[in-house]
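# Structure assessment
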Amino acid sequence: MKESLELSQQQRLQQRLHPEQMLYGRLLEMSTPEIEDEVRRVVDENPALTELGAESDNTGVESGEGTFVESAEQLQRADYGDDDDVPFYRYGARSAFDEPGYEMPAAAPGETLAESLKAQLADFNLDEHDRVIAEYIVDNLDDNGYLTRSPLAMADDMSAATGVDAEADDFRRMLAVVRRLEPAGIGAIDLRDCMLLQLSRMKQTPDTELATEIVDRHFESFTKRHSERLRAALGVDDNAISRAISIITSLDPKPGGHADDSTDSRTRYIVPDFNVEIDNDGRATVALTGRLPELAIEESFIPDESKAAASQRERDAYAFVRTRHDEARSFIKMLDARARTLMSVMRAIVTRQKEFFITSERANIRPMILRDIAADTGYDLSVISRATAGKYVATPSGIYPVKMFFNERPIDDADTSSHELLEKIKSIIAEEDKQTPLSDEALRTALAAEGYDIARRTVAKYREKLGLPVARLRKKF
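The shown structure was predicted, so the numbers you read here are calculated from the model rather than taken from an experiment.

What follows deals with the pattern of salt bridges. This model, assessed by the stated rule, comprises 28 salt bridges. Linking E20 and K333 is a salt bridge whose minimum nitrogen-to-oxygen distance equals 3.4 Å. Taken together, the positions of E20 in helix α1 (residues 19-29) and K333 in helix α13 (residues 312-352) put the pair 313 residues apart, joining distant regions of the chain. Exposure remark for E20: the relative accessible area of 19% places this residue in the buried category. With relative accessibility at 47%, the residue K333 sits in the partly exposed group. For R444, the salt bridge identified is with E441, shortest N-O distance 3.0 Å. You can see R444 and its partner E441 sitting in helix α18 (residues 440-449), 3 residues apart, about one turn around the helix. Residue R444 is classed as partly exposed on the basis of its relative accessible area of 22%. Among the charged side chains, a network of salt bridges with common partners joins R26, E38, R41 and E45.

Strand β5 (residues 274-278) sits mainly inside the fold: 4 of its 5 residues count as buried. As paired strands, β5 and strand β6 (residues 284-288) are joined by 5 bridges and run antiparallel to one another. Bridge pairing in β6 links I278 to A284.

For the rest of this paragraph, the subject is the environment of Y146. For Y146, the location among the structural elements is in the loop between α5 (128-139) and α6 (151-162). Its relative accessible area of 10% is what places Y146 among the buried residues. Along the primary structure Y146 and I189 are separated by 43 residues, whereas in three dimensions their C-alpha atoms are 5.7 Å apart. Of the polar contacts made by the side chain of Y146, one reaches the backbone oxygen of P253; its length is 2.6 Å.

Spanning 12 residues, α5 covers 16 Å between terminal C-alpha atoms, matching the ideal 16 Å at 1.5 Å per step. Among the residues of α5, those classed as buried are D130, I133, A134, Y136, I137 and V138. Residues of α5 that are buried make contact with α4 (113-120), α6 and α7 (168-178). Measuring from the side-chain oxygen of the N-cap residue of α5 to the backbone nitrogen of H129 gives 3.2 Å; that N-cap residue is D127.

A few words on the packing of helix α8 (residues 191-201) against helix α9 (residues 206-217). It is the contact of α8 with α9, at a shortest axis distance of 10 Å, that shows an interaxial angle of 160°. Taken as axis vectors, α8 and α9 run roughly antiparallel relative to one another. Crossing of α8 over α9 shows left-handed handedness. Where α8 abuts α9, its residues R192, M195, L196 and L199 lie against A211, T212, V215 and D216. Across the contact of α8 with α9, the residue classes tally to 5 nonpolar, 1 polar and 2 charged.

Another aspect to go through is the pairing of β6. Taken across its 5 residues, β6 has 5 buried, putting it largely inside the fold. The two faces of β6 match: A284, V286 and L288 on one face and T285 and A287 on the other face are all buried. Taking the residues between adjacent antiparallel strands as the criterion, β5 and β6 are bridged by 5 residues, where G282 takes a positive phi near 75°.

Axes are the key here: two packed helices are described by the angle between their axes and the distance separating the axes. As a packed pair, helix α15 (residues 370-377) and helix α16 (residues 381-388) sit with axes 9 Å apart at the nearest point and diverge in direction by 110°. The angle between the axes of α15 and α16 places the two elements in the roughly perpendicular class. Contacts between α15 and α16 involve L370, R371, I373, A374 and T377 on the former and, on the latter, L381, I384, S385 and T388. For the contact of α15 with α16, the class distribution of residues is 5 nonpolar, 3 polar and 1 charged.

Turning our eyes to something else, we now look at the environment of R324. By the secondary structure assignment, R324 is in helix α13. Given the relative accessible area of 24%, R324 is considered partly exposed. Between the C-alpha atom of R324 and that of L49, which follows or precedes it by 275 residues, the distance is 8.5 Å. Setting aside its immediate chain neighbours within four residues, R324 contacts E45, N46, P47, A48 and F301.

Relative to the elements of secondary structure, S397 occurs in the loop between β8 (392-395) and β9 (398-401). What makes S397 buried here is its relative accessible area of 12%.

Those residues of helix α11 (residues 227-234) lying buried are S227, L230 and L234. When α11 is viewed along its axis, its buried side chains cluster within an angular range of 60° and face the same direction. When the buried face of α11 is taken as reference, the exposed residues oriented beyond 90 degrees from it are R229 and A232. Those residues of α11 hidden inside the fold are in contact with α9, α10 (219-223) and α12 (238-249). One or two steps after α11, the chain reaches G235, where phi turns positive at roughly 70°.

Next up on the list: the nonpolar core. Counting residues in hydrophobic clusters, the biggest one holds 48 residues, and the most contacted among them are F331, M346, I349, V393 and F405. When residues of this core are assigned to their parent elements, the largest contribution, 14 residues, is made by α13. In this structure V393 touches P272, F274, V276, M346, F357, G398, I399, Y400, V402 and F405, once residues within four positions along its chain are discounted. By size, the runner-up hydrophobic cluster in this structure holds 21 residues, among which are V138, L147, M174 and L181.

On to the packing of aromatic side chains. Summed over the entire model, instances satisfying the criterion amount to 7 aromatic pairs. Ring plane angle 75° and centroid distance 5.5 Å describe the contact between F356 and F357, whose orientation is recorded as edge-to-face. Take F356 and F357: they sit in the same class, and that class is buried. Ring geometry for F357 against F405: centres 5.2 Å apart, planes inclined by 25°, an arrangement best described as stacked. Of the two residues, F357 is situated in helix α14 (residues 354-359) and F405 in the loop between β9 and α17 (418-430); the sequence distance between them amounts to 48 residues. The rings of F356, F357, Y400 and F405 are connected pair by pair, giving a single aromatic cluster. Lying across the ring of F406, K403 places its NZ or CZ 5.6 Å from the centre.

Basis of the calculations
- Residues numbered from 1 in each chain as written.
- Predicted model: local features only at pLDDT ≥ 70, side-chain atom pairs only at ≥ 80, totals over all residues.
- Heavy atoms only, no water.
- Salt bridge = Lys/Arg side-chain N within 4 Å of Asp/Glu carboxyl O.
- Helix = DSSP H or I, 4+ residues; strand = E, 2+ residues; numbered from the N terminus.
- Buried < 20%, exposed > 50% of the residue type's maximum accessible area, 1.4 Å probe, protein only.
- Pairing = 2+ DSSP bridges.
- Polar contact = N/O pair within 3.5 Å; in protein donor to acceptor, adjacent residues only side chain to side chain.
- Expected span 1.5 Å × (residues − 1).
- Contact = heavy atoms within 4.5 Å.
- Axes fitted to C-alpha atoms, helices over the stretch in contact; angles between N-to-C directions.
- Parallel < 35°, antiparallel > 145°, perpendicular 65-115°, else oblique.
- Left-handed = near helix turned anticlockwise from the far one by under 90°.
- Nonpolar A, V, L, I, M, F, W, Y, C, P; charged D, E, K, R; others polar.
- Arc of directions from axis to C-beta.
- Core = buried A, V, L, I, M, F, W, Y, C linked by side-chain atoms within 4.5 Å.
- Phe/Tyr/Trp six-rings, centres within 6.5 Å; stacked < 30°, edge-to-face > 60°.
- Lys NZ or Arg CZ within 6 Å of the ring centre and 35° of its normal.

This is how it looks when you write it as structure tokens:
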């Protein structure tokens with residue numbers, strides 16, 4: 001084979017991120033608690049970083065006009081000698097993620113469902129063989145307390161996994177015991193079975209007996225809200241059916257779903273990343289809520305260029321100092337860039353959604369997408385997305401996710417937001433006749449009468465977004 005040399009030219013386009021850009025993007029994504037933890041971690045790991053004075057806000061407070069002022073919250077906090085003395089409500093404890101009100105902490109970790117059920121088994125006179133089987137059944141319950149496996153399948157698995165000789169009849173006998181445990185409904189195989197278990201524990205009255213008959217023999221008609229079929233099949237009046245339905249709807253469809261199965265769960269609060277205040281003149285004040293220390297570079301880590309060409313030991317020391325110095329300088333620079341970016345993005349959002357911040361009415365949230373804020377701030381779409389993801393803003397009416405303010409325009413060429421349309425649909429459904437609820441087409445007609453000309457499928461999409469079922473399932477007996 002003949003060998004030859006060949007020279008070729010190739011053009012290739014590459015994009016490489018500078019380390020500072022990667023750090024900036026990572027810091028921008030962090031929420032207030034995360035950035036505070038990150039600052040503490042970096043200060044502990046990098047000896048070139050030092051804290052100057054007491055903790056302070058990231059960039060202070062900036063008003064809508066661009067001047068820096070102290071917010072009312074900062075003035076109130078100044079009355080306390082230490083951050084630990086500041087009451088929790090001064091940190092924006094109110095929440096309006098769903099509706100205005102106070103954000104309650106998650107339940108404290110307690111006894112799990114399985115632990116509670118196994119403890120109750122001690123009240124039964126079970127031998128060791130039966131107790132093991134009963135506990136095995138408990139371990140096979142799902143998070144809602146349902147048993148989705150057959151006694152035969154559990155018997156086969158237990159025999160193979162543990163070597164314990166167990167028959168399907170043993171599991172059926174112990175399942176009857178488990179179904180007697182609290183809360184009522186535990187060990188049910190489906191929703192209908194769960195309801196029947198709970199009804200059997202109730203005091204037997206004509207109403208509970210009728211409720212049991214409906215669930216046991218007419219469950220499909222009940223779930224599909226076929227009131228005419230129920231009246232014809234049961235031969236009772238509407239009042240009796242209504243009382244029975246009230247009993248059924250009071251039952252717990254997830255009897256095991258209220259137990260805290262996580263022993264590692266902790267009390268959690270929503271910590272706002274921004275604070276927006278509105279004065280009597282409608283002037284908005286925007287602030288970052290983070291309490292970050294002011295960072296500087298330690299003087300002893302200022303590189304001495306004269307040691308760069310000295311002995312090997314001094315060169316190694318110089319390289320260490322130089323590396324730590326550069327890392328510290330980049331971190332301070334990107335931390336400052338993060339604060340400026342967040343403030344700029346939040347100011348742009350407040351400017352576009354100022355009517356909401358003044359009135360606190362969700363219907364006043366105007367159509368706004370990421371591209372709008374990118375145009376206002378000059379930042380890339382990815383920067384806007386990172387700056388708003390997982391962030392919350394505290395307002396006089398509560399705490400809201402920043403992403404809530406981004407919403408589409410469901411009606412072309414109209415200044416109508418999705419929030420306004422959602423509120424209108426919710427209002428119409430709330431006022432409808434529960435005996436004859438409105439179909440999606442009827443909702444579309446009602447909306448059109450008020451100036452919202454949208455398609456039926458759009459109505460269905462927003463109704464589902466509100467978590468509201470179709471008309472047939474909204475019907476009251």
